[in-house]
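Below, each chain spelled out in residue letters.
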Amino acid sequence: MMFNPMMWRRALTLLAERQLSTIPKIPTLYSFLQPSLFLLKKTPPSSPQLPVSTPKTLTQDQINEIESNLSSSLNSNNTEEAWKSFKTLTNNSTSPSKSLTNSLITHLASLNDIHNLKRAFASLVFLLEKNSHLIEFETIEMLLNSMKYADAAAPAFALIEAMFKNRFFPPLGVWGPVLVEITRKNGCFSAFLRIFNESCRIALDEKLDFMKPDLASCNAALEGCCFALASIADAENVVEKMSILGVRPDESTFSFLAYLYALKGLEGKIVELENLMAGLKLSNKSAFISNLIGGYVDSGNLESVSATILRHLKGGGKEGLDFSDETYCKVVKGFLQHGGVKDLASLIIEAQNLEPSSVMVDNSIGHGIVNACVNLGSLDKAHSVLDEMNAQGGSVGLGVYVSILKAYCKENRTAEAAQLISEINNVGLRLDASIYDSLIEASMSTQDFQAAFSLFRDMRDSINTDLKGSYLTIMTGLTENHRPELMAAFLDEVVDDPRVEVNTHDWNSIIHAFCKVGRLEDARRTFRRMTFLQFVPNDQTYLSLINGYTTAEKYFSVLMLWNEVKRKVSTDCDKGIKFDNNLVDAFLYALVKGGFFDAVMQVVEKCQEMKVFVDKWRYKQAFMETHKKLRVAKLRRRNVRKMEALIAFKNWAGLNT
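Residues numbered from 1 in each chain as written. Predicted model: local features only at pLDDT ≥ 70, side-chain atom pairs only at ≥ 80, totals over all residues. Heavy atoms only, no water.

Draft legend 1. Highlighting the overall build of the protein chain. In terms of helices and strands, the protein chain carries 35 helices and two strands. For the protein chain, with 657 residues in total, the buried portion stands at 51%. For the protein chain, contacts bridging at least 24 residues in sequence account for 70% of all contacts bridging at least 6. When the accessible surface of the protein chain is summed, it comes to about 31,300 Å², and 50% of that surface belongs to carbon and sulfur atoms. (Helix = DSSP H or I, 4+ residues; strand = E, 2+ residues; numbered from the N terminus. Buried < 20%, exposed > 50% of the residue type's maximum accessible area, 1.4 Å probe, protein only. Contact = heavy atoms within 4.5 Å. Areas by Shrake-Rupley, 256 points an atom, 1.4 Å probe, with all protein chains shown as cover.)

Draft legend 2. The arrangement of the side chain of S85 in detail. Note that S85 resides in helix α4 (residues 79-90). The class for S85 is buried, based on a relative accessible area of 4%. Not counting the four nearest positions on each side in its chain, S85 is found in contact with I66, N69 and L70.

Draft legend 3. Structural view of the packing of aromatic side chains. Tallying each qualifying case throughout the model produces 19 aromatic pairs. When the ring of F456 is compared with that of F490, the centres are 5.2 Å apart and the planes differ by 80°; the resulting orientation is edge-to-face. Taken together, the positions of F456 in helix α24 (residues 449-462) and F490 in helix α26 (residues 484-494) put the pair 34 residues apart, joining distant regions of the chain. The pair formed by F456 and F490 is uniform in burial state, with each residue classed as buried. When the centroid spacing of 5.8 Å and the interplanar angle of 65° are considered together, the rings of F527 and Y542 count as edge-to-face. (Phe/Tyr/Trp six-rings, centres within 6.5 Å; stacked < 30°, edge-to-face > 60°.)

Draft legend 4. Spatial organisation of the pattern of salt bridges. Using the criterion set out here, one finds 30 salt bridges in the structure. The residue R119 makes a salt bridge to E80 at a minimum N-O spacing of 3.1 Å. Here E80 lies in helix α4 and R119 lies in helix α6 (residues 114-130), a separation of 39 residues in the sequence. Among the salt bridges present, the one from E564 reaches K568, with a minimum N-O distance of 3.2 Å. (Salt bridge = Lys/Arg side-chain N within 4 Å of Asp/Glu carboxyl O.)

Draft legend 5. Inspection of the nonpolar core at higher detail. Formed by 208 residues in total, the largest nonpolar core has its most connected members in W175, F456, F579, F587 and F649. Setting aside anything within four residues of it in sequence, one finds F649 in contact with V592, F597, V600, M601, Y619, F623 and L655. (Core = buried A, V, L, I, M, F, W, Y, C linked by side-chain atoms within 4.5 Å.)

Draft legend 6. Quick look at helix α23 (residues 433-445). A rise of 1.5 Å per residue sets the reference length of α23, with its 13 residues, at 18 Å; its end C-alpha atoms lie 18 Å apart and thus fit the reference within 8%. Buried within α23 we find A433, I435, Y436, L439, I440, A442, S443 and M444. Considering only its buried residues, α23 is in contact with α21 (398-410), α22 (414-426), α24 and α25 (468-480). Downstream of α23 by a residue or two, Q447 has a phi angle that is positive, lying close to 60°. (Expected span 1.5 Å × (residues − 1).)

Draft legend 7. Spotlight on the packing of helix α7 (residues 137-149) against helix α9 (residues 172-186). Between α7 and α9, the shortest axis-to-axis distance is 9 Å and the interhelical angle comes to 10°. Looking at the two axes, α7 sits roughly parallel to α9. Taking contact as the criterion, the partners of F137, I140, E141, L144, N145, K148 and Y149 in α7 are, on α9, G173, V174, W175, V178, E181, I182 and K185. Tallied by class, the residues present in the contact of α7 with α9 amount to eight nonpolar, two polar and four charged. (Axes fitted to C-alpha atoms, helices over the stretch in contact; angles between N-to-C directions. Parallel < 35°, antiparallel > 145°, perpendicular 65-115°, else oblique. Nonpolar A, V, L, I, M, F, W, Y, C, P; charged D, E, K, R; others polar.)

Draft legend 8. Representation of unusual backbone geometry within the structure. In this structure, N77 takes a positive phi of about 60° despite not being glycine. Since its relative accessible area comes to 56%, N77 is described here as exposed. Non-glycine residue K611 carries a positive phi angle of around 55°. Relative to the helices and strands, K611 is located in the loop between α32 (597-610) and α33 (617-627). Taking the relative accessible area as the measure of exposure, K611 reaches 77% and is therefore exposed.

Draft legend 9. Up close: the packing of helix α5 (residues 98-109) against α7. At their nearest, the axes of α5 and α7 sit 9 Å apart, and the two run at 15° to each other. When the axes of α5 and α7 are compared, the pair comes out roughly parallel. Considering the relative orientation of α5 and α7, their crossing is left-handed. Contacts between α5 and α7 involve N102, I105, T106 and A109 from the former and T139, M142, L143 and S146 from the latter. When its residues are assigned to classes, the contact of α5 with α7 shows four nonpolar, four polar and no charged. (Left-handed = near helix turned anticlockwise from the far one by under 90°.)

Draft legend 10. Here's a closer look at α5. Compared with an ideal rise of 1.5 Å per residue, which puts 12 residues at 16 Å, α5 spans 17 Å between its outermost C-alpha atoms and is within 8% of the ideal. Listing the buried residues of α5 in full gives L100, T101, N102, L104, I105, H107, L108 and A109. Looking at the buried side of α5, the elements it contacts are α3 (60-75), α4, α6 and α7.

Draft legend 11. How the structure looks around the state of the cysteines. Under the counting rule described, the total for this entry stands at zero disulfides. Summary of cysteine pairing: C373 is not part of a disulfide, and the nearest cysteine sulfur, belonging to C329, is at 8.7 Å. (Disulfide = S-S within 2.5 Å.)

Draft legend 12. Structural detail: the environment of Y296. Along the polypeptide, Y296 turns up in helix α15 (residues 286-299). Exposure remark for Y296: the relative accessible area of 3% places this residue in the buried category. Measuring from C-alpha to C-alpha, the distance between Y296 and Y259 comes to 7.7 Å, with 37 residues separating the pair along the chain. Those residues in contact with Y296, other than ones at most four positions away along the chain, are A262, E267, I270, N301, S304, V305 and T308.

Draft legend 13. Just the environment of T531, in detail. Assignment of secondary structure puts T531 in helix α28 (residues 520-532). For T531, a relative accessible area of 35% puts it in the partly exposed group. When the C-alpha positions of T531 and W507 are compared, they lie 9.9 Å apart, and in sequence the two are 24 residues distant.

Draft legend 14. Representation of the side chain of N371 in the model. Within the element layout of this structure, N371 appears in helix α19 (residues 365-375). Take N371: its relative accessible area is 17%, and that puts it in the buried class. When near neighbours in sequence (up to four residues on either side) are disregarded, N371 contacts D325 and S403.

Draft legend 15. Structural detail: the confidence of the model for the protein chain. Per-chain confidence: the protein chain averages 84 in pLDDT, with 87% of residues scoring 70 or above. Segment residues 1-53: pLDDT under 50, and 124 contacts once partners within four positions in sequence are set aside and those in other chains are kept. (pLDDT = per-residue confidence, 0-100.)

Draft legend 16. The arrangement of the environment of N166 in detail. Relative to the helices and strands, N166 resides in the loop between α8 (153-165) and α9. By relative accessible area, N166 is classed as partly exposed at 24%. Taking the C-alpha atoms as reference points, N166 and E129, separated by 37 residues in sequence, lie 6.4 Å from one another. Residues in contact with N166, not counting those within four places in the same chain, are L128 and E129.

This is the structure:
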């Protein structure tokens, strides 16, 4: 359907165009410029001007020299010298060339300090009054953007007013979009509305289409009328101008009007808006409904809030309503201020009855309302809504539970979360894995390990899903908190579950943790359990055990490990235990300290066979610390084999020289 401006005008019975003389003026230029090099004359007030001194007649050579100095100063970023040159010219009724003039203003605007921004502003206003033909549109756009970043709203509006006053009309595309941004950022809708009205007048009276406000500008003006001013007359004046100028409204246009009409209780106008949206084939009504609800909330009309939500749910399609968090928070605030928990619970129950079964949990009305309670810091209110729903005999949807559970996760209230999960399971609802994962992570962060185990068991028993993520969360947390006994018990519980991927690394973590705290018997028991279940130990497994035994000076146990390892070592870790420098060093040091020189030489031979480099100095030191008084003669009488091993070691280590 083609847009018909007359239909747009008639449908809303708009008022005739009028001047908005009641809109307050923005702060004066004078307040913006003080303190400044550009002082305004106090009587009468006027636009900012450059300081005036007694004019001197400059020769053309002098003008050329000053312009040359201005140009070189800008090129070298010498702002003060450039400014001095500019003042010299303007104080003598002369202006620089067009390119130099615009270069100076853009340079001043780009410096990101308020002093030079004032200079740029006053220079541009001065030129508007004296030599507007020198001004380039890009310079105006640049200055306005600098004002936007500096939060200088008042001078931005003053600049546009000065342009209009001096009949300097850049296309709206130069200044309109940035002025809309400034308006929304600073909330100065009244000032924008005045500029908007004047721009409309110029476009019509001067027949300048390029001055005609676009849709974004019209919507910004309308937004101010509806939200900031709450004025029906002003809003309809904007709509009238849109119709006259042929600006087609969009969803935002209607949503702003919806807020205002709901705020004022104009139900007939709201119906007209909906009919007109249908006629213009504007099908996305999310913003419209949200603003409609916002207007009802702000007017305290909670019955209309509930009625609007339920009415649109009936025709909302398969996915329900798509409200923002802001809308839900507004609804909750309104009900808690003017109504109560009982009314919120009733609304959720009625909404659940209308929502399609296919609606996602996070898109349900119940989830949105309860989640808003949580976001507003009212978790207890959220639970009160849940209790009230149960008291009213309504079925509680999963969306309501999920919001509260997530909040418990965030606040680490794991005991309450576990209790709520039991309630959920009792009513036959099923949580997804992500909720369980979040709760388990929260439990581990507070070191509530039993709650984490309980949650893991609930997840394992209630849903068929991959358990790797939660398994790793628990194992990592237990490792970081040095709880190997819990790691071992947990691993035993899950090792046969195909949804958990247990590997040698997990067993190594437990063994390493036991060895680190000196619980060697538990480490040995875990090692035996690991091999019984046919998990293959690797170099890290043996390295942890060797270090644990060495710290406890249980060198014989290291010898037993060597007897096991020497049959399995390989340079290829895929074919056997990787015989690298770390494992070699651990074995040699422990066996030397223990006096098992026959085994020491077996390790040395294996190193030579597999071309593993060995630094002998460390083992010389270990021998001297432990066996300095050991004599070969004594060994010869007691054990010839040990004597031969000792001699071989001393020869290898260079201790016989």
